[in-house]
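Each chain is listed here by its residues.
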Amino acid sequence: MAITLADIKKLREMTSAGMMDCKNALTEADGDFKRAVEILREKGKSTLAKRGDNETTQGAVLSRIDGGKAILVCLGCETDFVAATPDFKALAASIADAAIASFPADLEALKAVKAADGYTLDENITNQAGKTGEKHVLAFYGALEAPFVSEYVHFNGKLGAIVSFNKVVPADIARGIAMQVASMNPVAVDPASVPAEVLESEKTVAIQKTRDEMVQKAVDAALKKVGINPAHVDSEDHIESNTAKGWLTPEQANQAREIIKTVGAEKAASLPEQMIQNIANGRVQKFLKENTLVEQEYQLSSSATTSRPWAPPWPLLTKRPRSLPSSASPSTTNCILHIHSRDRLSVGLFFCTPPLSFSFLHHPRNSPFWWMAEEKWRSGKGLCCKCLKWGFAIVR
């Protein structure tokens, strides 16, 4: 049977597959459209089988809210090029819409949900893989139901979070907490909610790290005592490399190996167990403070010490003239503009030549970078008259 251009276009409209794929499928099916669609779907399965070991590091994260229900899905693919195509975005959106409408219990149940075209979501994902020639996978599905829910998806569509509350809270605070969850990735709401296996794993890691540090400290002290730089002998590769460079004599290399072996073994056999436990407990407490939601520093807070994620931020941006250090001179290269706040110093890297663009790095007060930037400000080094004429002060 002769395959016409109209037939190819019709199959393309039905499946969104490429023109040549449609032509080949129709030729193999001898003009049978139903069989041609099945051939294209089989091609998708073949693609997934061939590329099964490939990583799907690109894709799209989407969220949906319907009353007190919220869902979060992630559709993965191999390249950002495919992730940016309209077909991929439409498929991801259809999965999110189907998820909030059916609200399945888990990921496998979501794959079995039928889309508007009558096919299951898993079948549509396979079909899309056949069109693009890339592996596609429904990587994540999460659902929450509560009196109040909130969501946040980052602007790049690759990071998101949904959060549930036991009562209605202001929308801006709820969204801020969702942003906190997405950016800081807490393991639990509070320390009491952290799973026992997570605590046990962290305690084990903390104990081993403490032991290793105590042993290394003793070894380093012994090496320094005989005039050997510990950094030159911290691995066998470094010992050989630094001996070849002449930084170590063969005798020093052998002496270092002997010290590492004997002093390390002696110290490991006489470590103070109670001290190790105390240090390890302190490290676990630090982990809990940094990785549980209510203990974390709230990233949108007006104070760097605020640990209450429900505290609302109230920043106010004001524009004011900034005095110019006498030692600064005009420049058309990159320059630094400082933005002071009560707790932080923001350093913006500006490109003075048009078009004017900038980016910011935030550093806590009294950090090493803070003092380095302060010194540059006072000396006028690296500053541009053009950018320093006006600055922004963050008033909190």
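Colleague: Would you take a moment to explain the overall build of the protein for this structure?
Modeller: Summing up its helical and strand segments, the protein has 14 helices and 10 strands in all. Expressed as a percentage of the 396 residues in the protein, the buried residues total 37%. For the protein, restricting intrachain contacts to residue pairs at least 6 apart in sequence, the fraction spanning at least 24 positions comes to 58%. A total accessible area of about 22,900 Å² is found for the protein, and carbon and sulfur atoms account for 56% of it.

Colleague: Please explain helix α8 (residues 171-184) as it appears in this structure.
Modeller: Each α-helix turn comprises 3.6 residues. Residues three or four places apart therefore point the same way. Over its 14 residues, α8 extends 20 Å from the first C-alpha to the last, a length consistent with the 20 Å expected when each residue adds 1.5 Å. Every buried residue belonging to α8 is among Ile 173, Ala 174, Gly 176, Ile 177, Ala 178, Gln 180 and Ala 182, and all of these are buried. Looking at the packing, one finds that the buried side of α8 touches β4 (148-153) and β5 (160-165). Downstream of α8 by a residue or two, Asn 185 has a phi angle that is positive, lying close to 50°.

Colleague: When you look at the confidence of the model for the protein in this model, what are you seeing that I'm missing?
Modeller: Keep in mind that low pLDDT regions are not for reading the predicted coordinates in detail. Of all residues in the protein, 69% attain a pLDDT of 70 or more, and the chain-wide mean is 75. Note that pLDDT drops below 50 for residues 303-307; the model gives that stretch 13 contacts with residues more than four away or on any other chain. Across residues 309-396, confidence stays below pLDDT 50; counting only partners more than four residues off in sequence or on other chains, it has 163 contacts.

Colleague: Help me understand the sheet that holds strand β2 (residues 69-77), please; the structure alone is not making it clear to me.
Modeller: What links the strands of a sheet is backbone hydrogen bonding, and the strands pair in either a parallel or an antiparallel sense. One open sheet accounts for 3 strands, arranged β1-β2-β3; its pairing is antiparallel. Among the strands making up the open sheet, the edge pair consists of β1 (58-66) and β3 (137-145). Put simply, the sheet's adjacent strands are angled 10° from each other on average, direction ignored. As paired strands, β1 and β2 are joined by 9 bridges and run antiparallel to one another. Across the sheet, Arg 64 pairs through a bridge with Ile 71, a residue of β2. Taken strand by strand, helix α5 (residues 86-102) contacts β1, β2 and β3, and its axis lies near 150° from that of β2.

Colleague: Help me out: how do you make sense of the nonpolar core in this one?
Modeller: The tendency in soluble globular proteins is for nonpolar side chains to be buried side by side. Among the nonpolar cores identified, the biggest contains 24 residues, and Ile 71, Val 73, Ile 95 and Leu 110 are the most heavily contacted of them. Counting only elements with at least two residues in this core, the list comes to β1, β2, α4 (80-83), α5, α7 (121-132) and β3. Broken down by element, this core gets its largest block of residues, 8 residues, from α5. Residues contacting Ile 71, with those up to four places away along its chain left out, are Leu 62, Ser 63, Arg 64, Ala 96, Ala 99, Ile 100, Phe 103, Tyr 141, Gly 142, Ala 143 and Ile 162. Membership of the second largest hydrophobic core comes to 22 residues, among which are Ala 222, Leu 223, Ile 276 and Phe 287.

Rules behind the numbers
- Residues numbered from 1 in each chain as written.
- Predicted model: local features only at pLDDT ≥ 70, side-chain atom pairs only at ≥ 80, totals over all residues.
- Heavy atoms only, no water.
- Helix = DSSP H or I, 4+ residues; strand = E, 2+ residues; numbered from the N terminus.
- Buried < 20%, exposed > 50% of the residue type's maximum accessible area, 1.4 Å probe, protein only.
- Contact = heavy atoms within 4.5 Å.
- Areas by Shrake-Rupley, 256 points an atom, 1.4 Å probe, with all protein chains shown as cover.
- Expected span 1.5 Å × (residues − 1).
- pLDDT = per-residue confidence, 0-100.
- Pairing = 2+ DSSP bridges.
- Axes fitted to C-alpha atoms, helices over the stretch in contact; angles between N-to-C directions.
- Core = buried A, V, L, I, M, F, W, Y, C linked by side-chain atoms within 4.5 Å.

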